[in-house]
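# Inside the fold
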Amino acid sequence: MKIILMRHGQAEDETRPDSARQLTDFGQQQAVQTAAYIISHYMPDLFVVSPYVRAQQTLAQLQVQAPNVLVKVQDNITPSDDARTALAELATVDAECIVVVCHMSIIAYLASLLTGETPESYALAEARVFEMEFIMAGMAHEIDRFVPTQPY
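Notes on the structure follow. (Residues numbered from 1 in each chain as written. Predicted model: local features only at pLDDT ≥ 70, side-chain atom pairs only at ≥ 80, totals over all residues. Heavy atoms only, no water.)

### Observations regarding the overall build of the protein
The helix and strand tally for the protein stands at four helices and six strands. For 152 residues, the compact-globule estimate of 2.2 N^0.38 gives 15 Å, and the protein sits close to it at 14 Å. Taking the principal axes of the C-alpha coordinates as reference, the protein spans close to 40 × 30 × 25 Å. Sorting the 152 residues of the protein into buried and exposed places 51% on the buried side. (Helix = DSSP H or I, 4+ residues; strand = E, 2+ residues; numbered from the N terminus. Rg over C-alpha atoms; globule rule 2.2 N^0.38 Å. Buried < 20%, exposed > 50% of the residue type's maximum accessible area, 1.4 Å probe, protein only.)

Here it is as structure tokens:
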């Protein structure tokens, strides 16, 4: 199975509550690029997303290209949530290729738990693909990553 961990695109400054921050135009472009890469290289059968607006807006770009993929909102993948608790919930999902759209720093900790390696920061709208037999700490290895380019 595969799990693709994707960080949301660039968000506006913190003039709103963190949960309500929206993607900038650049953030939307980043999300489009990463969504195109994911959908052209993988066949997701489930999208899991944070309830925060910027993650939902990033997910929307995936849904444009894969409208029939089921979506699950997971409340415990926001920036300050516990990665172990989030991973335990992800492990209950029945899917072969899951795309999880969430935030720093939880995304780095999720990747670290999956591989057993030191946490590494994600770029905005970056996606990393992990392969494993089942979702469990230390069972995955990274097989691919994509970082969107700067617009011209």
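### Section: the sheet that holds strand β2 (residues 46-49)
Reading across the sheet, the six strands line up as β3-β2-β4-β1-β5-β6 and stay open at both edges, with mixed pairing between neighbours. On the outer flanks of this sheet lie β3 (70-73) and β6 (141-146), each paired with one strand and no other. Going across the sheet, the axis of each strand differs from the next one's by a mean of 20°, ignoring polarity. Seen against the sheet, helix α2 (residues 53-65) touches β1 (2-7), β2, β3 and β4 (97-102) and runs at an angle of roughly 165° to β2. (Pairing = 2+ DSSP bridges. Axes fitted to C-alpha atoms, helices over the stretch in contact; angles between N-to-C directions. Contact = heavy atoms within 4.5 Å.)

### What to know about the side chain of E126
Counting through the fold element by element, E126 comes out in the loop between α4 (106-115) and β5 (127-131). The exposure class of E126 is buried, given its relative accessible area of 3%. The contact partners of E126, leaving out residues within four places of it in the chain, are L5, M6, R7, S121, R145, F146, V147 and P148.

### Details of the packing of aromatic side chains
Under the criterion given, the structure shown has one aromatic pair. Cation over ring: R128 sits above Y122, and NZ or CZ is 3.7 Å from the ring centre. (Phe/Tyr/Trp six-rings, centres within 6.5 Å; stacked < 30°, edge-to-face > 60°. Lys NZ or Arg CZ within 6 Å of the ring centre and 35° of its normal.)

### Details of the nonpolar core
Counting 26 residues, the largest nonpolar core has I3 and L5 as the members making the most contacts within it. Mapped by element, the contributors of at least two residues to this core are β1, β2, α3 (83-90), β4 and α4. Considering each element in turn, this core owes the most residues, six residues, to α4. Not counting chain neighbours up to four residues away, the residues in contact with I3 comprise L90, I98, V100, L114, R128, V129, F130, M132 and I135. (Core = buried A, V, L, I, M, F, W, Y, C linked by side-chain atoms within 4.5 Å.)

### Topic: the pattern of salt bridges
Tallied over the entire structure, the rule returns ten salt bridges. E126 is the partner of R128 in a salt bridge, and the nearest nitrogen-oxygen pair spans 2.7 Å. R128 gets classed as buried once you look at its relative accessible area, which sits at 2%. Several salt bridges share partner residues, and in doing so they unite E120, E126, R128, E142 and R145 into one network. (Salt bridge = Lys/Arg side-chain N within 4 Å of Asp/Glu carboxyl O.)

### Topic: the environment of A35
Tracing the chain through its elements places A35 in helix α1 (residues 25-41). In this structure the C-alpha to C-alpha distance between A35 and A66, which are 31 residues apart in sequence, comes to 9.1 Å. If we ignore the near neighbours within four places in the chain, the residues touching A35 are M6, Q61, L62 and Q65.

### Comments concerning the pairing of β4
Each regular strand displays side chains that alternate between the two surfaces of the sheet. For β4, the buried fraction is high: six of the six residues fall into the buried class. In β4, alternate side chains face the same way, and those of C97, V99 and V101 on one face and I98, V100 and C102 on the other are all buried. The pairing of β1 with β4 spans six bridges and is classified as parallel. When the sheet's bridge partners are listed, K2 is paired in β4 with C97.

### Some details on the state of the cysteines
If you walk through the whole model with that rule in mind, you get zero disulfides. With no disulfide partner, C97 has as its closest neighbouring cysteine sulfur the one in C102, 15 Å distant. Given a relative accessible area of 6%, C97 falls into the buried group. Judged by relative accessible area, C102 falls into the buried class, the value being 0%. (Disulfide = S-S within 2.5 Å.)

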